[in-house]
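Given next are the chains, with one letter for each unit.
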Amino acid sequence: MSKHPLTSRDFGLITIVLLPLLIFGGMIVASMIRWRIEDRELTQSIESIVGQGNTIDSTTLPRLYDERTSDEPTATWKSILAATEAHNAKFGGPFAWESETDSYDSVVPPGEDWVESKIIARYAEDAQPIIDKIETLLGSDEAIWVPFVFEGLYTNLNEVQQMRGVARLLHNCFLDAVHRGNNDRAIILIQASERLFGNDYQPSMLVDELVRMACYSSMENDLRRSIAADVWSDGDREQIGVILSEPFDWDAKWRTAIESEMFAVFPTLFSDGMPSLGLNNGATNLPIMFAPSTLSSYLEGEQSIATIRGAGTKRHVDAVGRANKEWMSGAAKISLDRWMQIPSLDTRWVISMTTPAYEAFAVAFRRSANDHRFTRTVFALREFRAKFQSWPESLGELSRVGLPNSETQAWDDGPFAYHINQDGEAVIVDQARSDITYTDEGNPPERLVLKK
Amino acid sequence: MSTTESLISRNRWLWWKELRMLAPLIALLIGIAATMLVVMPELPNSAQGIGRINDFRMLVPLVFPVLFAAGAGAVLVGQERDLRTIDWMSSLPLRPRQWVLVKLVVALIGLAVMWAIAVSSLALISDAGGLASRWRISPAQGLSNGPIGLPLWIAHSVYLTLCGFYASWKIRDQFHAILLVLALGCLPLVLAILASESLYVLQRHRVGLADLQGLMFAWIVVVTPLVGWLSYRAAMATLLPQSGQSKAKHHVDASVLPQSFWSTAPRLGSSWSSLIWQSIRSAPLALGITASCMILGMVVPLSSLSDQTNTLLEVLSPLLLLISPLAMSWLGVLVFQNDGAADRLRFLADRGVSPTKVYVARHAVPLAIFASCLIAYTIFATRRSEVSSTGFGGLVIPSLLTIAMVGWVMYTVAQFVSQVLRTLALSVIVGPIVAAMVLGWFIWTRLSLQTPTWFLVIVSLLPMLATWWLMPRFMDKRDRPHSFLMAVVVAAVIVGGPIAIAAWRIQNVGGMNATVRDDLFAEAQSIRKSSPNPIIINLAHGAEQIFRTRVNEESVPVDQAEKWIQSYPSTPTQWIPSLAELRERPAAAATADDNNIAVIFDRLMLERMKFEADANWESFSAWLSAASDIARALRKSIQWKDQDRADVLEIWIADTMSMSMVQANRSDTAYERVVRALPTKTMRNESRRRAVLATWAAQFKGKKFVGYRNSIDNGLEYQPPYLATWMQWPRSDLIVATALEALQGESISWLPKMHELMQAPSTPFQYGPYAARLRDRPAIELIRANGKSLARFWGMPWEDEIDQLIADLRTGPQENSHE
């Protein structure tokens, strides 16, 4: 090959080859620079949540949990859980295994026939030592510490689920106490439920907040039915009023639960490889590497959900749905550092693992908060009747017995459906229109007839 | 018959020549198949959760006849045309028809050999259903999602062989011919899908997988004779004298080609640009097709990620996903094996062009294509992922880094294979397979052996370095045997490197000093052998059928619930039937499962609460005695877990005995009996030591592992999956050593060691089961938390409390009881 002067063809050929290689190299460099920038921003995001100089790792959640709880009532609580399991197992069937149709859940006032009374009485009698033990907890309002061994997402939640057993025990004993006309005992049982599943409960994860709400809701259900059946004296109602007027900070509860979830999940995302997720499923340790922008997006999304105000309302549920969507669409934007992620470019699948749960969780909050409002409304109706010897014309009148109008709001943001029937009984339904079935959960609305 | 005989006897040399041509392909494919079959059975151990691994294994032997079928034509005809031996052969007194027939028969013999091997390997690895069930056109019965039946595969391979011949006779360029074979190979599938789609459009009837296979079989039967005939015609057109005119024309073209090739060459001023021009110009079509395949394989599967399912795309997407790595490896193959590359390199070598320069220039074009495809892919994938409505689709959009790493491995390995094999036909077929095997190996080592990524990145550079080092010899065609030696070295590093790292990790687990171990192990064996079988502690359940027979929708009738309560055992002897046996044989050991111990503990707590309420010592002392008898018998067990279960009961006893209500009954014989049955700390630790050793010994039978998992293996699941089996031995030594250290009771340094051995790496020590956070609490509170961790109650204050109880019994009452 003889030597010729360099021409544009030479440059053209070299450019054809070099240009893609240079662009490709440039993409890698750009992605890595972006990685560094995003990494700094991620550190700032983390510090804005957990404070200067702190990071979110697998010790964050257990540390917070230990700080928020007290270990004083632990031994008693543990023995209650154990004995309740044994007691429920002894009675078997509906007492041991949860099923909606299994439980004997009608509130039967004294003097009325009740087929199940014998067996429930036997159950309650045998449960008395456990109730005695629970009573020893009533004096303190410290959040009960459960000695968890923290294992990322797989922290032992079995015991949390066993709280339902205690709720079942309290419920059955309550039915027995009401039927026997032993109101003092029934009120102690309500106080016990309030102590165990009320404001003093400190959840460590989203799941135990759900269990707590279910247990508390079981107690409120008992209260509503007993109020409707008019089993309480004026003195009893005073005590019940104290329990029901205990304010619930739904927003704080919401925030704690969502942040707990974040503190549980984030360290596993952060540790390059989802070790806890993979290992506990018996699968291999997946080589997953998230870009800092993905992690930031995860954190910001979680925070945006956790800080939504108005928990327990329809407005809140809608806002969570919207925030989920925004979180998803925000996460869809591929920042350059994600080119260096392994294995996939898009990591919305990580977010998809949690967002449906958050919306359902918000619905559960709404249900629980409405249950609380409904219970307070039913209670106020009875108070009104006791004070003025008549039912109010509308729920708005309940302000005369100190119930703010905001409490009478139902599922769809209207007042609960209310009327007085031809027998002179008050009929209240836990939604604005009693003629439609509330479809979110497929359950019919709760309809209570308050005896004269 | 005589014609056949004459065909064989007169042309023995011809048969021999053809068979020899085919031998390397057969040998390579058998070698690869054998390697894969040896490696595959090892995989399921580690690849838990990959449910279809068995079916995948079944596919491996089937793939090789198919690959042979695709390559036979290229090797027997294409190579002959490439090396121009075809002209020499044409000059011999040999009838073209005879020659064509010999080639075809040789190919079919090779195919039959491949099938014989495939079917026998299938028979070896086929478990459920056996091989007989595979001789059908529809999917094999009893093997869910099993590969297609054998007749379809066999028919397809014959069809593919004929396609191979047709393409090679028809097209001179081997690479193009192989592409045509692949396209023709997919034809029956495409026709079958089209037929089924038309059926759907016309009749609104969706055909199942079995019908689709039947359709495909029918199409193969139809198109095979057609391709056979076309192939024969193409062969005759190439070989017969009457086509001399066109042959002459072809010859003239061929002689003109170099001239026009050089005459159209631009005058270039840089050797770099000349080399680049050369490598583009030498195979523009091959490069173009490969690049298109790559971009098609990367982009089209992304386009199909929509909510609306398109059947045709859905069926073809997996195939397209395979196309881009295949194309990537072909780019690698083309570096050293494109049309006439060898001659051109020799030409450059003769002119003293630097091998490094040639090397870089040869790689420049394919790498630029690769880079361009990656750029296009990244832009498309980024946009695609941003507009996609769902996050789930994003899971399958690989990042730039992921796809670049996969492509890089395919490329480097394939270019190395093509330099070593030197034949285009072989390289095109074998290159992608070897590259895919190396890629699979890398992924497997990363997942199962947890080989560091940086190591794999470095190792993936080796094939590039090898071809660079061999370049001067390759250009001079003096690369053999060096290239073979280099192939052995590179293969050794690729395979051996991750294994060496894994071996180092296993070595690093540590263990015990050999002499100490031997002595201890002998002791452990003797303990294990001298202990009789333990009594199993079981629980009597009430009449459970009462609740099981009820109708779900109804609540339980009261009489049923009453029946249940009446049937429920109320005393310890009724509830724990094995208690009687334990009492009859006080020296016997007992064992229980964790669930029963948890249930017993719950019951004991309930009975204790009842006692607190009714102060009925007589009935409660029966439960206390039962707990004591069970604890004593569990303590005699030589299973480590039973020692921990005995801890649970002793903790409960210690906690209960310190209650003032119980202390009030300390003069009772039952109280005394319970305290006397409790072991002192020394006795307890001696029992634990025996159990730890015997549990350790139970892991071995002779010098071989026993497959069953015992409690020492807790936490093994946190080790790299495949290494777990290898680490089991040294790890259990270490756990035993740590446990023995704990039993000496001199320090608490064993706690973090035990944590590290037993817990997930993500569980921090200060929040794990051996942390002060828990151990500072009364043990009774911890029983219901995480029951898996071994030795979690060892050395805690409850042991001292028991010693105190025993001492108090000897010396008289003290005033330190609580409650």
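Residues numbered from 1 in each chain as written. Chains lettered and ligands numbered in written order. Predicted model: local features only at pLDDT ≥ 70, side-chain atom pairs only at ≥ 80, totals over all residues.

## Regarding the overall build of chain A
For clarity, the threshold we go by: Every helix listed is a DSSP run of H or I at least four residues long, and every strand listed is a run of E at least two residues long, numbered separately from the N terminus. Both definitions apply: the radius of gyration is a C-alpha atom measure, and the globule rule equals 2.2 Å times residues to the power 0.38. In this description, a residue-residue contact is defined by the distance between C-beta atoms placed from the backbone, which must lie within 7 Å.
Of the regular secondary structure elements, chain A holds 16 helices and three strands. Compactness check: chain A gives a C-alpha radius of gyration of 29 Å against a globular reference of 22 Å for 452 residues, more than 25% above the reference. Along the three orthogonal principal directions, the C-alpha set of chain A runs to about 120 × 50 × 40 Å. Counted over contacts in chain A with a minimum sequence separation of 6, partners at least 24 positions apart contribute 70%.

## Points about the overall build of chain B
Our working definition: With C-beta atoms placed from the backbone, a residue is labelled by how many other C-beta atoms lie within 10 Å of its own: buried for 20 or more, exposed for 12 or fewer, partly exposed between the two.
Scanning chain B from N- to C-terminus turns up 34 helices and four strands. Every one of the 819 residues in chain B was classed for burial, and the buried ones make up 42%. When contacts within chain B are restricted to residue pairs at least 6 apart in sequence, long-range pairs at least 24 apart make up 76% of them.

## Structural notes on the packing of helix 26 (residues 617-635) of chain B against helix 29 (residues 669-677) of chain B
All names here are of chain B. The cut-off we apply is this: Whenever a helix is involved, its axis is fitted only over the stretch in contact; in every case the axis is a line through C-alpha atoms, and angles between N-to-C directions fall within 0 to 180 degrees. Put simply, angles under 35 degrees are roughly parallel, angles over 145 are roughly antiparallel, angles from 65 to 115 are roughly perpendicular, and the rest are oblique. Helix crossings get a hand from a simple test, with the near helix turned counterclockwise from the far one by less than a right angle marking a left-handed crossing and a clockwise turn marking a right-handed one. Three classes are used, and their members are as follows: Ala, Val, Leu, Ile, Met, Phe, Trp, Tyr, Cys and Pro are nonpolar, Asp, Glu, Lys and Arg are charged, and the others, Gly among them, are polar.
The N-to-C vectors of helix 26 and helix 29 enclose an angle of 20°; their axes lie 9 Å apart at closest approach. Taken together, the axis directions place helix 26 and helix 29 in an arrangement best described as roughly parallel. The way helix 26 lies across helix 29 gives a crossing that is left-handed. Of helix 29, the residues touching helix 26 (which contributes Ser621, Leu624, Ser625, Ser628 and Arg632) are Ala670, Arg673, Val674 and Ala677. Along the lines of polarity and charge, the residues of the contact of helix 26 with helix 29 split into four nonpolar, three polar and two charged.

## Focus: the interface of chain B and chain A
Counting from both sides, the interface comprises 82 residues of chain B and, opposite them, 84 residues of chain A. At the level of elements, helix 11 (271-282), helix 15 (355-387), helix 16 (400-421), helix 17 (424-449), helix 22 (558-567) and helix 25 (594-614) of chain B are the ones that each hand at least two residues to the side of chain B that touches chain A. A per-element tally of the side of chain B that touches chain A places helix 15 of chain B first, with 13 residues. Its residues assigned to classes, the side of chain B that touches chain A shows 45 nonpolar, 24 polar and 13 charged.

## With respect to unusual backbone geometry
In the segment running from Ile342 of chain A into Pro343 of chain A, the intervening peptide bond is cis, with an omega of -5°. Summarising the element assignment, Pro343 of chain A is placed in the loop between helix 14 (314-332) and helix 15 (348-352). Backbone geometry at Ala615 of chain B places phi at a positive 55°, although glycine is not the residue there. Structurally, the position occupied by Ala615 of chain B is in the loop between helix 25 and helix 26. The phi angle at Ala791 of chain B is positive, at roughly 60°, despite the residue not being glycine. With respect to the helices and strands, Ala791 of chain B occurs in the loop between helix 33 (772-775) and helix 34 (797-811). On the neighbour-count criterion, Ala791 of chain B (24 C-beta atoms within 10 Å) is buried.

## Section: the environment of Leu137 of chain A
The topology assignment puts Leu137 of chain A in the loop between helix 5 (117-135) and helix 6 (158-161). Placed 60 residues apart in sequence, Leu137 of chain A and Trp77 of chain A show a C-alpha to C-alpha distance of 8.3 Å.

## Quick word on the sheet that holds strand 3 (residues 447-450) of chain A
Residue and element names in this part refer to chain A. Note the cut-off: Here the rule is simple: two strands pair whenever DSSP picks up at least two bridges between them.
The strand order across the open sheet built from three strands is 1-2-3, with neighbouring strands paired in antiparallel fashion. The sheet is open, and its two edges are formed by strand 1 (417-420) and strand 3, each paired on a single side. The mean inter-strand angle of the sheet, taken between neighbouring strand axes irrespective of direction, is 15°. Pairing geometry for strand 2 (residues 426-429) and strand 3, over four bridges, is antiparallel. When the bridges of strand 3 are listed, Ile428 appears paired with Leu448.

## Observations concerning the confidence of the model for chain A
Residues and elements named next belong to chain A. Put simply, the rule reads: For every residue, the pLDDT score states the predictor's confidence, bounded by 0 at the bottom and 100 at the top.
Overall, the prediction assigns chain A a mean pLDDT of 86, with 90% of residues at 70 or greater. Taking the mean pLDDT of every element in chain A, the minimum, 43, falls on helix 12 (residues 275-280) and the maximum, 95, on helix 8 (residues 183-197). Under a pLDDT of 50 for its full length, residues 273-284 has, in the predicted model, 39 contacts with residues more than four places off or in other chains.

## Some thoughts on the environment of Gly139 of chain A
All names here are of chain A. Along the chain, the position of Gly139 falls in the loop between helix 5 and helix 6. Of the residues examined, Gly139 has 8 C-beta atoms within 10 Å and is grouped as exposed. Between the alpha carbons of Gly139 and Arg195 there is a distance of 9.2 Å; along the sequence they are 56 residues apart.

## Some thoughts on the nonpolar core
It is characteristic of soluble globular proteins that their nonpolar side chains tend to be buried jointly. Residues and elements named next belong to chain B. Here is the rule we go by: Only buried Ala, Val, Leu, Ile, Met, Phe, Trp, Tyr and Cys residues enter a nonpolar core, and they are joined through C-beta atoms within 7 Å.
Formed by 330 residues in total, the largest nonpolar core has its most connected members in Phe68, Ala627 and Ile630. Sort the elements by how many residues they give to this core and helix 15 lands first, with 14 residues. Those residues within four positions of Ala627 in sequence are excluded, and the remaining contacts are Leu604, Leu649, Trp652 and Ile653.

## Description of helix 8 of chain A
All names here are of chain A. Our working definition: Expected span, for any helix, means 1.5 Å times one less than how many residues it has.
In a regular helix each residue adds 1.5 Å, so 15 residues correspond to 21 Å; helix 8 covers 21 Å between its end C-alpha atoms and thus fits that length. Among the residues making up helix 8, those that are buried are Ala186, Ile187, Ile188, Leu189, Ile190, Ala192, Ser193, Arg195, Leu196 and Phe197. The inward-facing, buried residues of helix 8 contact helix 5, helix 7 (163-180), helix 9 (206-228) and helix 10 (234-244).

## Quick word on the confidence of the model for chain B
All names here are of chain B. In this model, chain B carries an average pLDDT of 80, and 81% of its residues clear a pLDDT of 70 or more. Taken as a whole, residues 246-263 scores under 50 in pLDDT and shows zero contacts with residues more than four places along the chain or in a different chain. Here the prediction assigns the complex a pTM of 0.82, and the interface score ipTM is 0.91.

## A few points about helix 30 (residues 681-697) of chain B
In this model helix 30 of chain B runs 24 Å from its N-terminal to its C-terminal C-alpha over 17 residues, within 8% of the 24 Å that 1.5 Å per residue would give. Burial runs high along helix 30 of chain B: 12 of the 17 residues are buried.

## Some thoughts on the pairing of strand 2 of chain A
Residues and elements named next belong to chain A. Inspection of the sheet shows strand 1 paired to strand 2 by four bridges, in the antiparallel sense. Note that in strand 2 the partner of His419 across the bridge is Val427. Connecting strand 1 to the antiparallel partner strand 2 that follows it, the hairpin turn spans five residues, and Gly424 within it adopts a positive phi of roughly 80°.

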